[in-house]
Every structure is written in C-alpha cells, then in structure tokens.
Amino acid sequence: MSWSLPVTCTLMETVSTGWAEMLRPGLTVLVRMGRESGETASEAAMEQCASVEREVDKVLQKFLTYGQHCEQSLEELLHHVGQLRAELASAALQGTPLSATLSLVMSQCCRKIKDTVQKLASDHKDIHSSVSRVGKAIDRNFDSEICGVVSDAVWDSREKQQQILQMAIVEHLYQQGMLSVAEELCQESTLNVDLDFKQPFLELNRILEALHEQDLGPALEWAVSHRQRLLELNSSLEFKLHRLHFIRLLAGGPEKQLEALSYARHFQPFARLHQREIQVMMGSLVYLRLGLEKSPYCHLLDNSHWAEICETFTRDACSLLGLSVESPLSVSFASGCVALPVLMNIKAVIEQRQCTGVWSHKDELPIEIELGMKCWYHSVFACPILRQQTSDSNPPIKLICGHVISRDALNKLINGGKLKCPYCPMEQNPADGKRIIF
Amino acid sequence: MAVQESAAQLSMTLKVQEYPTLKVPYETLNKRFRAAQKNIDRETSHVTMVVAELEKTLSSCPAVDSVVSLLDGVVEKLSVLKRKAVESIQAEDESAKLCKRRIEHLKEHSSDQPAAASMWKRKRMDRMMVEHLLRCGYYNTAVKLARQSGIEDLVNIEMFLTAKEVEESLERRETATCLAWCHDNKSRLRKMKDLLDPARWRMLIQQFRYDNYRLHQLGNNSVFTLTLQAGLSAIKTPQCYKEDGSSKSPDCPVCSRSLNKLAQPLPMAHCANSRLVCKISGDVMNENNPPMMLPNGYVYGYNSLLSIRQDDKVVCPRTKEVFHFSQAEKVYIM
C-alpha cells in the first residue's frame, strides 16, 4: 500500500481518542504528506492515468509501425518472388536446367526471404517489453487489492442481506427511470416489487417519455391534478408548461397567431407571479410575421427549454413523492467513494503499526469521513471535553450559562458538589443542568 | 450532488477502485500478443522450411520446372504469413485500443465542466453496478444496464460471459468448455498451481468461479459492495435506528427502508465534531441559525422557530407542547 496518499490535515483530531497514541507516529507522517500535497494531489492523480496512458500510446505506436513494416516487407518479398517465378515460367526456359546466373539470383532471394521473415519475428518479440510495461504501470499506479471496511462476510453470511441489496438496486433503477433494467433484474433475481411502489415511477416515466417527444399533454394533466401541492412547493411547473406550449405555437408562424392569442388566457392565474415572463411572451407576438428567429425574442425558441422542463418536472415530482432527486443508493455509493480510500489508508497504517486488534472495534469507524454539509442529515453532538458522541446513556446537558457538554463530562467536572463550566467561569449546581434533545 | 468530492479525492478513489477496469483489457492484450508471436513464429518457420528446401534443390542443378513449383510453395507460405501476421496485429492493436479508451474515460474524472463531471460519476456507479450484477449472475440485467448507460466498452462483460458459458456447461456435466478455458489460460493457471478435479461438479463450478476471479485479480466481493458498505457506514448514525423511529430523516439514505436493513450490521460513522441540524427545516444550526432550546429540552433552529411562530407562540413539533416564543433559550455549542 502506497504511503503517498494525502489525508486531510484534521486527521489527528478526527481519530478517536483511544487510538491516537498508538497511531500517532504513523499518522504524523501522513499528516505531513497531507499538508505538503494539497495542490499536488490532483497532479499526482493525473500522473496516475497519464503514466499508464504513455505506455499504452507507445505500444500503439509500435503496433502501427510494425504492422506497416511487416506488410510492406512481405509485399516486397512476394513481388520479388513473383517476378522471379514469372521469369522462370517463361516458355523459353521450359524443361531446361537452371542457369548459373539464375541460380545465384535465386540463392540471394532465399537468403533475403530468410533474413526478412526472421527479423519480422524478432521485431515483434521486441515489442514484448513495451507491452509488459503497460501492465507494470497499471500495477504501480492502481491498487490490485481492495479490502473491506468491515469483515468480508458481513453480508455474505446472511443471504437475506443479498436479497435486500438486490431490492435496493431495483428501487434505485426505478427512481433513475431505468424501468426495463429494473424489470429485468426483478425477473432474474425473482424479486417481487409491490405495484404500489412501482406505480408512481411508471407514471413519472410515462410523462417524461411524453415530454421527450415534446408532448406536453400528460405533464399538464399531472400538474393540474397536483396543483395545490405544487403551489405549496412554490413550483412554477404548470406555468412553464403553458409557456412552452405558447412558444411552440409561436414557432408555427403567423397562421398560429389566433391560436396563440387564445391560448394566452391560460396565463391568467399566473399573472401576478410571472408578470415579467408573460410580458416578454406577449411582446414577442409583434415579431410573429417577421419570424421569431430574427427577432430579439429568438431565445424563446431555444431547445434548452425542453431539457429544462424535464428537469423541473423530475425535481418537482420527486419532491411531491417525498423522494430526493438522487436515490439513497446513489448518495451512499458516492459517500463510499470518498470513504473507501480513507479507510483503506488507515487500515494500512494500523497494520503497519501491528495493532490489528484495534480494528475489531466494530461499532464505529476509526476516522471521520468528510462528505460535505449536504450530507448532514442528523444532528451529531460530540462532547467537546471527552471528544465522544453523546448517546441515550450519555446525553447532552445544557448548563445554566447555555454551554452544552455530555453528562459524563459533567459528572467528571463536579468538585465538592459544585460545578464550574469549562468555557465560562460560571459556577453552578450540577442538578441545574438540563438534558437537551436535538 | 449531495456528496462533495474534490479532484484529489476522486483520484484517490480511482486508485482503489479501477484496477480491474484497466488490468482485464491488459491481460487480453498480453494474451493476444503471445498468440500473435506464436502465429508469426510458426508461419516464419514454415517459410524458412520451404526456403531451405529450395536452397537444397538449388545446390543440385535442378530443372527450372522443379524450381518453379518450389517457388509456388514459397509464395504460398509467404502469403499465409502475411495474412496471419496482419490478423494477429489487428487483434493486438484492438486490445491496446480498448486499454486506451478506458484510460481516456478515467481521465475524464477531472473534467472542469460540472455536467461532464456528474455524468462521469453516474457512469462510475453504473460501471460498478454492472460488475456487481455480473458477479451475482444477473447477466441480462448487467448487459441491459451497460447498454442503457452507454458503458459497454468500459465494463468487463466478456470475461464474465465466458465464465457463464463455462459454468453452464459444467452444470450440464460437460467438461469440454471448461477444459478449453483451462487450456486458454493454462500458462497463468500453472503459476497458481491449481488443479480442477472433474469429479466434484458443484465444487468445480465454485472453484472455477474463484480461479477466474483470481486470474483476473478480482477479490471476493464486488467493488460496488465494498464501496457501498464504506458509504453506508460513513452516513450511519444512532438516530437512524432509534426504536420509535422519531429521529428518522426523510433525506438520510440510511433511514430509507432497504438501506436501513442493510446498514444494520455495519459500523457507525465517527464524528469528532458536532454538527447540528434543525429537525423542522433540515438546515444547519450555527451562528446564522442559532440552536434554541424550548422549555421541554427540544432544540430547533432560530429561523425555523420564527417560521412556525403564530401569535407569539410555538408548538413543539415532536411533543406538541405549546410555548411562548420568548421561552426559547439560546444554547452554545463549542
């Protein structure tokens, strides 16, 4: 395992206290490397791929050159031999013995053939080292073994878990709109998915397919029937659908003018919220005769509106269904992509320091994984004094001064029946501490 | 996208996830190179043989006719050499080009354009899922997914399909295909010193699957499974498993039905630093949205309390108790 992987600089703070001492020396090295890299991390990464690519390019070049050379030499040989044969086959020489001159020429030809083909064989052999350099570059820049964060068999031993995983994949596929793949998986894994679960996705997909064909009908129907809830979401879907329809009429040219004007009445309920946009559209009517493409309103005809409406629809429909746009499986997988190298790194450090026993602490990961604020789904309170997450058995307590520490920390701070807040010198009665719930 | 991945992080992940992506086509390249060398050597020796025969004849004052017929033989062998050489080179070139395509795809992880970067990430997940599905034996699904995601070039379907053929033939109690596979891969198998005992069918299939994976240096678990396990652990908190289900979050992946069951035996995330999230809005509670405690001990963000305030009163969403807005006290988290 390479040691050159950078790790976040907060490594020392994020490793749980019990381990820090044991791992400190190894971690210091990593932290230092982390500090030095930063910028160079992404350079190192590009180098990873570039290094392999270089070797592959060399091999491709060699195949090209060799191929051309091989074909050419053999062509020449065949041509030469062909000429000789033609000469020998001429009627004048039939039945006669071979002349000395011709015999000499023939010998030379034979030698040439032998030399050429043997060289072709050895030239090809020479390419071998370039080929194996590709393999070596891959071995050098990528890890051949990936290890589990938890014991390998944690999902194997429970067959049910495998089935649940398949189900999670099916649910993900439905949410991503890959209906035929989901169906296929259900068949192959003999899973049964409730129609109740499938139904909303089937409907969503139907509407999206219509939108891809520029058919606004099903989407409008859906938007109207969910109008109330969409308004609660501050969604402008219905308006946007009407707008798109109007624009399409406009694109139809002057003959569509009456129809467009008549359709404009649909904007009435949106007059307050979307005044500006309605004005723009009404204004564009002036250019109908001239052709919208040549007018200052040509941007209305952009194709991007269609892509945008699909996105808006998907987003609003998912909100209504209580789904996030990214499936839980996607988010978990992406989180794993961040976590995996960090955890493998630390596992290597642990093994290096030969304290493998420490890894068997199966309840909690040994290190914090930073996923970004969008992944903060639950409150976490880590007691600033004991550096541990609070729990039901050790809950957070608010002191009179408003500072919060864990109950265990509070108990440790009691001195002679009184308690001094570690952050402000306010002395207080331990019993005044109030248990809080985030 | 919910999870933030910096370019540096993406690259670290590449290092641990993408070995099979590159190594498998490389092994094919290697195999085809050796086959090409063998073909060229063989045809070259054929040419050399007929030429030697011709040379021998030349030294014994031959008639023109016999020389002509020998020359025909030379022409024939040279043509065969040319044809075989061209075919073999084409095959090796093809595998080298596949290696190149995959490397080029991997390079795109560092694209500046956000749309291209998220497309790359989606394809990454699809690639790993395809490999996982292939390992589980769901070949049709895997092929369909690969096609729909446009990643057919980037996944090792062929390797698994070959494996599938062998396994199916073994299930029919036929050894021919399996033996052919062994022959095909014999030089590498020899290095592994493994023996396949034809008498034990079920074990044989398992053994074959294991050897096949080892041959291509793939471990027991799919990259997808291992990545997912790490990811679930990194998100899992005790709140995802509270008995009354009161602290579940609608956005938290581990709180969702299937993943909740899957993540149960896995370790939890380690959090050394506090981070507070308002139960009402899901927003972060910090200096801009300070955490406020109601008299019942429940904490919410200041902004959320403002938004649910009516007639200067607030109703705690979790206990339904009613309090005055002014009764909310600020708490200080270090």
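Here the structure is a predicted model, which means the values were calculated and not measured. (Residues numbered from 1 in each chain as written. Chains lettered and ligands numbered in written order. Predicted model: local features only at pLDDT ≥ 70, side-chain atom pairs only at ≥ 80, totals over all residues. Heavy atoms only, no water.)

A. Molecular detail of the overall build of chain A. A count of helices and strands for chain A gives 15 helices and six strands. Counting all 438 residues of chain A, 49% fall into the buried class. Look at the contacts in chain A between residues 6 or more apart in sequence, and 59% of them connect residues 24 or more apart. Put simply, chain A shows about 22,300 Å² of open surface, and 51% of that area lies on carbon and sulfur atoms. (Helix = DSSP H or I, 4+ residues; strand = E, 2+ residues; numbered from the N terminus. Buried < 20%, exposed > 50% of the residue type's maximum accessible area, 1.4 Å probe, protein only. Contact = heavy atoms within 4.5 Å. Areas by Shrake-Rupley, 256 points an atom, 1.4 Å probe, with all protein chains shown as cover.)

B. Representation of helix H14 (residues 328-352) of chain A in the model. Residue and element names in this part refer to chain A. With 25 residues, H14 extends 35 Å between its outermost C-alpha atoms, agreeing within 8% with the 36 Å of an ideal straight helix rising 1.5 Å per residue. By the largest-angle criterion, Ala 339 marks the main kink of H14, which is about 35°, and a proline, Pro 341, follows within four residues. Most of H14 is tucked away, with 22 of its 25 residues classed as buried. In the segment just after H14, Gln 354 is the residue with positive phi, at about 55°. (Expected span 1.5 Å × (residues − 1). Bend = angle between axes of the 7 residues up to and from the residue.)

C. Spotlight on the packing of aromatic side chains. Summed over the entire model, instances satisfying the criterion amount to 11 aromatic pairs over all chains. Seen from the ring of Tyr 241 of chain B, Lys 236 of chain B lies directly overhead, with NZ or CZ sitting 4.9 Å from the centre. (Phe/Tyr/Trp six-rings, centres within 6.5 Å; stacked < 30°, edge-to-face > 60°. Lys NZ or Arg CZ within 6 Å of the ring centre and 35° of its normal.)

D. Structural context of the packing of H14 of chain A against helix H1 (residues 7-17) of chain B. For the pair H14 of chain A and H1 of chain B, interaxial distance at closest approach is 9 Å and the crossing angle is 75°. Taken as axis vectors, H14 of chain A and H1 of chain B run roughly perpendicular relative to one another. Mapping the contact onto sequence places Phe 333, Cys 337, Val 338, Leu 340, Pro 341 and Met 344 of chain A in H14 of chain A and Gln 9, Met 12, Thr 13, Val 16 and Gln 17 of chain B in H1 of chain B. Looking at the contact of H14 of chain A with H1 of chain B residue by residue, the classes come out as eight nonpolar, three polar and no charged. (Axes fitted to C-alpha atoms, helices over the stretch in contact; angles between N-to-C directions. Parallel < 35°, antiparallel > 145°, perpendicular 65-115°, else oblique. Nonpolar A, V, L, I, M, F, W, Y, C, P; charged D, E, K, R; others polar.)

E. Examining the environment of Thr 225 of chain B more closely. By the element assignment, Thr 225 of chain B lies in helix H10 (residues 223-235). With relative accessibility at 4%, the residue Thr 225 of chain B sits in the buried group. Distance from Thr 225 of chain B to Cys 61 of chain B, taken between C-alpha atoms, is 76 Å for residues 164 residues apart in sequence. Residues contacting Thr 225 of chain B, with those up to four places away along its chain left out, are Trp 155 and Leu 165 of chain A together with His 132 of chain B. A distance of 2.7 Å separates a polar atom in the side chain of Thr 225 of chain B from a polar atom in the side chain of Ser 222 of chain B. (Polar contact = N/O pair within 3.5 Å; in protein donor to acceptor, adjacent residues only side chain to side chain.)

F. Spatial organisation of the nonpolar core. With 74 residues, the main nonpolar core has Leu 173, Leu 329 and Ile 369 of chain A together with Val 130, Phe 224 and Leu 232 of chain B as its most contacted residues. When residues of this core are assigned to their parent elements, the largest contribution, 13 residues, is made by H14 of chain A. The residues contacting Leu 329 of chain A, other than those within four sequence positions of it, are Ala 168, Ile 169 and His 172 of chain A together with Met 125, Met 129, Phe 224, Leu 228 and Leu 259 of chain B. Counting residues in hydrophobic clusters, the runner-up holds 57 residues, among them Met 106 of chain A together with Leu 14, Leu 58 and Trp 120 of chain B. (Core = buried A, V, L, I, M, F, W, Y, C linked by side-chain atoms within 4.5 Å.)

G. Empty space enclosed by the protein, seen in detail. Residue and element names in this part refer to chain B. According to the stated counting rule, one finds five cavities of 30 Å³ or more in the structure shown. Approximately 140 Å³ is the volume found for the largest cavity. In this structure, the largest cavity is lined by 13 residues; those nearest its centre are Thr 21, Arg 127, Glu 131, Val 155 and Asn 156. Elements represented by at least two residues in the lining of the largest cavity include exactly helix H2 (19-58) and helix H4 (114-136). The dominant element in the lining of the largest cavity, judged by the number of residues it contributes, is H4, at four residues. (1 Å grid on protein atoms, 1.4 Å probe; cavity = no way out; pocket = protein on both sides within 12 Å on 5 of 7 lines; lining within 4 Å. Points joined across faces, edges and corners; volume = space filled by probe spheres on them.)

H. Representation of the pattern of salt bridges within the structure. Scanning all chains against the criterion turns up 37 salt bridges over all chains. Its salt-bridge partner being Lys 100 of chain B, residue Asp 57 of chain A comes within 2.8 Å of it at the nearest N-O pair. A residue pair is termed interchain when its members come from two chains, as with Asp 57 of chain A in helix H3 (residues 39-89) and Lys 100 of chain B in helix H3 (residues 64-107). Note that Lys 15 of chain B and Asp 143 of chain A form a salt bridge whose closest N and O atoms lie 2.9 Å from each other. (Salt bridge = Lys/Arg side-chain N within 4 Å of Asp/Glu carboxyl O.)

I. Expanded view of the sheet that holds strand E1 (residues 291-293) of chain B. All names here are of chain B. Strand order in the open sheet formed by three strands is E2-E1-E5, with antiparallel pairing between adjacent strands. The open sheet terminates on both sides in strands that have one partner only, identified here as strand E2 (299-301) and strand E5 (329-330). The pairing of E1 with E2 spans three bridges and is classified as antiparallel. For Met 292, the partnering residue across the bridge sits in E2 and is Tyr 300. (Pairing = 2+ DSSP bridges.)

J. The arrangement of the interface of chain A and chain B in detail. Taken together, the 145 residues of chain A in the interface contact 142 residues of chain B. Between chain A and chain B, roughly 13,300 Å² of surface is buried when both sides are summed, and carbon and sulfur atoms account for 68% of that area. Counting the surface chain A buries against chain B, the share from its top three residues, Trp 155, Phe 333 and His 378 of chain A, is 6%. On inspection of chain A and its partner chain B, the count reaches 12 salt bridges. Among the ionic pairs, Lys 398 of chain A bridges to Glu 329 of chain B, the shortest N-O distance being 2.9 Å. Inspection of the region where chain A meets chain B yields 44 residue pairs in polar contact (both at pLDDT 80 or more). Where the side of chain A that touches chain B is concerned, the elements lending two or more residues are helix H1 (11-14), H3, helix H4 (100-141), helix H5 (159-175), helix H6 (179-189), H14 and strand E6 (434-435) of chain A. Among the elements that make up the side of chain A that touches chain B, the one with the highest residue count is H3 of chain A (26 residues). Counted by class, the side of chain A that touches chain B contains 81 nonpolar, 35 polar and 29 charged residues. (Buried area = accessible area lost by both parts, 1.4 Å probe.)

K. Geometry of the UniProt feature "domain: RING-Gid-type" (unreviewed entry) in chain B. The UniProt feature table records "domain: RING-Gid-type" (unreviewed entry) at residues 252-319 of chain B. Helix and strand shares over residues 252-319 of chain B are 21% and 13% respectively, and the end C-alpha atoms of the span are 22 Å apart. (UniProt positions renumbered as here; feature names shortened; annotations may be inferred.)

L. Region of the structure containing the environment of Pro 290 of chain B. Residue and element names in this part refer to chain B. Here Pro 290 is to be found in the loop between helix H11 (257-263) and E1. A relative accessible area of 12% places Pro 290 in the buried class. The spatial distance from the C-alpha of Pro 290 to the C-alpha of Val 331 is 7.7 Å, given a sequence separation of 41 residues. For Pro 290, the residues in contact, after removing those within four places along its chain, are Tyr 300, Gly 301, Tyr 302 and Lys 330.

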